[in-house]
Amino acid sequence: MALITLRDISLAFGGPPLFDGINLQIEPGDRLCLMGRNGTGKSTLMKLISGEIPPEGGEVIRSQGLRVALVSQEIPQEVAGTVFEVVAQHPHAAAGTEQWEHEQQVERVLNRLHLEPEAEFATLSGGTKRRVLLARALVAAPDILLLDEPTNHLDIETILWLEEFLARNITTCIFVTHDRAFARRLANRIAELDRGRIFAFSCGYDQFVERREALLEAEITRMALFDKKLAQEEAWVRQGIKARRTRNEGRVRALKALREEYRQRRTRQGTATIRLQEAERSGRLVIEAEQVGFSYGDRTVIRDLSTTIMRGDKLGIIGPNGSGKTTLLRLLLGELEPQSGTIRQGTRLEVLYMDQMRDQLDPQKSVAENVGEGNDTLIIGGKSRHIIGYLQDFLFSPERARSPVSILSGGERNRLLLAKLFTKPGNVLVLDEPTNDLDAETLELLEDLLMEYSGTLLLVSHDREFLNNVVSSTLAINSDGTVKETVGGYDDWLREQQFEAVPPVAKPVQEKGKPQKERPRKLSFKEERELEALPERITTLETEQEQIHSTLADPEFYKNRGAEAVTLNARLEAIDAELLTAYARWEELEALR
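Our subject in this report is the structure included herewith. (Residues numbered from 1 in each chain as written. Predicted model: local features only at pLDDT ≥ 70, side-chain atom pairs only at ≥ 80, totals over all residues. Heavy atoms only, no water.)

1. Describing the nonpolar core
Working step 1: By size, the foremost hydrophobic cluster in this structure holds 44 residues, and its most contacted members are Leu-113, Leu-134, Leu-145 and Leu-166.
Working step 2: When residues in this core are grouped by element, the largest group, seven residues, is from helix H4 (residues 126-139).
Working step 3: Contact partners of Leu-113, with chain neighbours within four places excluded, come to Arg-131, Leu-134, Ala-135, Leu-138, Trp-161 and Phe-165.
Working step 4: In this structure, Ala-368, Tyr-390, Leu-457 and Val-470 belong to the second largest nonpolar core, which totals 43 residues. (Core = buried A, V, L, I, M, F, W, Y, C linked by side-chain atoms within 4.5 Å. Buried < 20%, exposed > 50% of the residue type's maximum accessible area, 1.4 Å probe, protein only. Helix = DSSP H or I, 4+ residues; strand = E, 2+ residues; numbered from the N terminus. Contact = heavy atoms within 4.5 Å.)

2. What about the sheet that holds strand S10 (residues 285-296)?
The pairing of strands in a sheet happens through backbone hydrogen bonds and is either parallel or antiparallel.
Working step 1: Sheet architecture is open: three strands sit in the order S11-S10-S13, paired in antiparallel fashion. Two strands lie at the open edges of the sheet, namely strand S11 (299-310) and strand S13 (340-345), each paired on one side alone. Going across the sheet, the axis of each strand differs from the next one's by a mean of 15 degrees, ignoring polarity.
Working step 2: Strand direction decides the pairing type here: S10 and S13, joined by five bridges, are antiparallel. (Pairing = 2+ DSSP bridges. Axes fitted to C-alpha atoms, helices over the stretch in contact; angles between N-to-C directions.)

3. Quick notes on the pattern of salt bridges
Side chains carrying opposite charge are able to pair once their charged atoms draw close together.
Working step 1: Considering all chains together, one arrives at 25 salt bridges under this definition.
Working step 2: With a shortest N-O distance of 3.6 Å, Asp-179 and Arg-464 are connected by a salt bridge. Taken as a pair, Asp-179 in the loop between strand S7 (173-176) and helix H6 (180-186) and Arg-464 in helix H15 (residues 464-470) lie far apart in primary sequence, 285 residues in all. Across this residue pair, the class does not change: Asp-179 and Arg-464 are buried.
Working step 3: Measuring nitrogen to oxygen at the nearest pair gives 3.0 Å for the salt bridge that ties Glu-373 to Lys-420. (Salt bridge = Lys/Arg side-chain N within 4 Å of Asp/Glu carboxyl O.)

4. Overview of the state of the cysteines
Working step 1: One pass over the full model with this rule turns up zero disulfides.
Working step 2: Of the cysteine sulfurs around Cys-33, a residue in no disulfide, the closest is that of Cys-173, at 9.4 Å. (Disulfide = S-S within 2.5 Å.)

5. Some words on the sheet that holds strand S12 (residues 314-318)
Working step 1: Strand order in this open sheet of six strands is S14-S17-S18-S12-S19-S20, and the pairing throughout is mixed. Single-partner strands in this sheet number two, and they are strand S14 (351-354) and strand S20 (483-487). For this sheet, the mean angle separating the axes of adjacent strands, direction not counted, is 15 degrees.
Working step 2: Inspection of the sheet shows S12 paired to strand S18 (residues 456-460) by four bridges, in the parallel sense. Of the residues in S18, the one forming a bridge with Leu-315 is Leu-458.
Working step 3: Helix H9 (residues 325-332) contacts S12, S14, strand S17 (428-432), S18 and strand S19 (473-477) of the sheet and is inclined by roughly 140 degrees relative to S12.

6. A few points about the side chain of Thr-435
Working step 1: Along the chain, the position of Thr-435 falls in the loop between S17 and helix H14 (440-452).
Working step 2: Discounting chain neighbours no more than four positions away, the residues touching Thr-435 are His-178, Asn-414, Leu-443, Ser-461, Asp-463 and Phe-466.

7. Comments concerning the packing of helix H3 (residues 99-112) against H4
Between two packed helices, the angle of one axis relative to the other and the distance separating the axes together describe the packing.
Working step 1: The geometry of H3 relative to H4 is characterised by a closest axis approach of 10 Å and an angle of 140 degrees between their N-to-C directions. Regarding the angle of H3 to H4, the classification is oblique. You can see that H3 and H4 cross each other, and the crossing is right-handed. On the side of H3, the interface is formed by His-102, Gln-105, Val-106 and Val-109, while H4 contributes Ala-135, Leu-138 and Val-139.
Working step 2: When its residues are assigned to classes, the contact of H3 with H4 shows five nonpolar, two polar and no charged. (Parallel < 35°, antiparallel > 145°, perpendicular 65-115°, else oblique. Left-handed = near helix turned anticlockwise from the far one by under 90°. Nonpolar A, V, L, I, M, F, W, Y, C, P; charged D, E, K, R; others polar.)

8. Notes on H14
Working step 1: The terminal C-alpha atoms of H14, which comprises 13 residues, lie 19 Å apart, in line with the 18 Å expected from a rise of 1.5 Å per residue.
Working step 2: Of the residues making up H14, those classed as buried are Ala-440, Glu-441, Thr-442, Leu-443, Leu-446, Glu-447, Leu-449 and Leu-450. (Expected span 1.5 Å × (residues − 1).)

9. What to know about the packing of H4 against helix H5 (residues 156-169)
Working step 1: Interaxial distance between H4 and H5 falls to 13 Å at its minimum, and their mutual angle equals 15 degrees. Regarding the angle of H4 to H5, the classification is roughly parallel. The way H4 lies across H5 gives a crossing that is left-handed. Counted together, Arg-131, Leu-134 and Leu-138 of H4 and Thr-158, Trp-161, Leu-162 and Phe-165 of H5 form the full contact between these two elements.
Working step 2: Along the lines of polarity and charge, the residues of the contact of H4 with H5 split into five nonpolar, one polar and one charged.

10. Notes on the packing of aromatic side chains
Working step 1: Summed over all chains, the structure comprises seven aromatic pairs.
Working step 2: Pairing Phe-201 with Phe-208 gives two aromatic rings, centres 5.2 Å apart and planes at 70 degrees, and the pair type is edge-to-face.
Working step 3: An angle of 40 degrees between the planes, with centres 5.7 Å apart, marks the rings of Tyr-490 and Trp-493 as tilted. With Tyr-490 and Trp-493 both in helix H16 (residues 490-501) and three residues apart, the pair spans about one turn of that helix. This pair shows no difference in class: Tyr-490 is buried, exactly as Trp-493 is.
Working step 4: Grouped by ring-pair contacts, the aromatic residues Phe-201, Tyr-205 and Phe-208 constitute a single cluster.
Working step 5: If you follow Arg-131 out to its NZ or CZ, it ends over the ring of Trp-161, 4.3 Å from the centre.
Working step 6: Between Arg-415 and the ring centre of Phe-396, over which it is positioned, the NZ or CZ distance is 5.2 Å. (Phe/Tyr/Trp six-rings, centres within 6.5 Å; stacked < 30°, edge-to-face > 60°. Lys NZ or Arg CZ within 6 Å of the ring centre and 35° of its normal.)

11. Describing unusual backbone geometry
Working step 1: Despite not being glycine, His-114 shows a phi value in the positive range, around 55 degrees.
Working step 2: In this fold, His-114 is placed in the loop between H3 and H4.
Working step 3: One non-glycine residue with positive phi stands out, namely Gln-291, at about 50 degrees.
Working step 4: In this fold, Gln-291 is placed in strand S10.
Working step 5: A relative accessible area of 47% places Gln-291 in the partly exposed class.

12. Focus: the side chain of Glu-447
Working step 1: For Glu-447, the location among the structural elements is in helix H14.
Working step 2: Here Glu-447 falls in the buried class, since its relative accessible area comes to 6%.
Working step 3: Setting aside its immediate chain neighbours within four residues, Glu-447 contacts Arg-180, Glu-465, Phe-466, Asn-469 and Val-470.

See below:
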């Protein structure tokens, strides 16, 4: 029997229908991932299921005694008190139970979620606050747990904990997420909101992506055939009075029906057109750090950091919340002075910085005012563009472009910040948690853009799949402030961590006289890309090497530019070292493959 049934639900809020006769059933054991573009009503639907808001039409049928708990996307501002007090104040928690039983349940949940009862809620990090709100929801022992963007602002360690906790302890849940790895691990059903309707799929995330693509292709074909038929009938009716004879009245009525269907058709929201304006290339060296240290009082945040970032590198930065990822960015960019060690920046750096707190947006100004900064036109790619047209590339309608930022959803704010950021050219792109609240399609578009970006990228993210697909190396900040660099994305870092964690006695031991074969493995996506790029890299280095040799062999060189000989010889030594490294890596990857 269904726990909850939505039947012919409609809701409009005074504009086009947000929900236009949607139907959905939730059965025991469903782990439903709710998807859809930003602004399609995912959070509204969660509130409707929880009972916070009523529908304008249709009915919500709940099984008798159904308990539903919602953990919202935003942390409520009014929540205050100790962790125990916050968790104990769930409005449905004490129904049918004695006070002492309720308090025991609170203590059990706090222990299970590793929360300190006496800690003040206001002093906690964003990730820990979300864990407290989850505890408050669990105290009610809900039949359906609703989670709206539960991974936002959580570090990777906490996301992995949450995945494991939900998989082991929660039977039925509905969740909204942009985290593809999270959806892939938990969902056994997917429902997508699109143009006021809901489409449910009884499958996991990867199968959903394949089925949705097939449905969209079929829809495009069907709409093209409809438009062709409508055009033919419009041409027929313009032929004149013969079309209005009695025997053709049926055809005229059919044409009117086609026109009405076309008028009511809601086309799918387009895909954002995100383009980066690349500035003049930076110098080959972007940033070099040697033995850098930084502390806040007695707390060491960064210890003995040494790294070299070259033009074109795509560097991911990971670590627990509060570990110092933003501090590391500010040190590398020169916004903070290291307390020990040195940081050297290269030449011709044009930095574009997207901060985590989105402080670059003024909530009281309109979308257009935030991007145009008082101007109606922008220079994009060397050409003048009207601000309204530019914002339409980022899926802001003219009406939305004139709305204040304060009414935008989290995903729309993120899209707006990208629009504002990309009005200026840059060759070093710094993104601090860019994927929060972005819908899957915009996230994948940004992912593709960054993969093709020829400049240098510094990326802080907790999105494992995003890191795997975009970055070429990863800096991981440890709890003691040390920073470890790994070639590849998150999975490559995790594999190395797991290998190093195996104690020597647990590693395979060869039997005497029987050499043990190493288990073959496939190259990761990053390793495949690295292997494909190595021949071109080696060719470039060898070409430069030949040019320098030719220059140094030319007698005319020493007449006019003899002073450059020392520099060129030093470069030759550097090229030799780079070629040795590149050939060794090529052999290593080929052997793995």
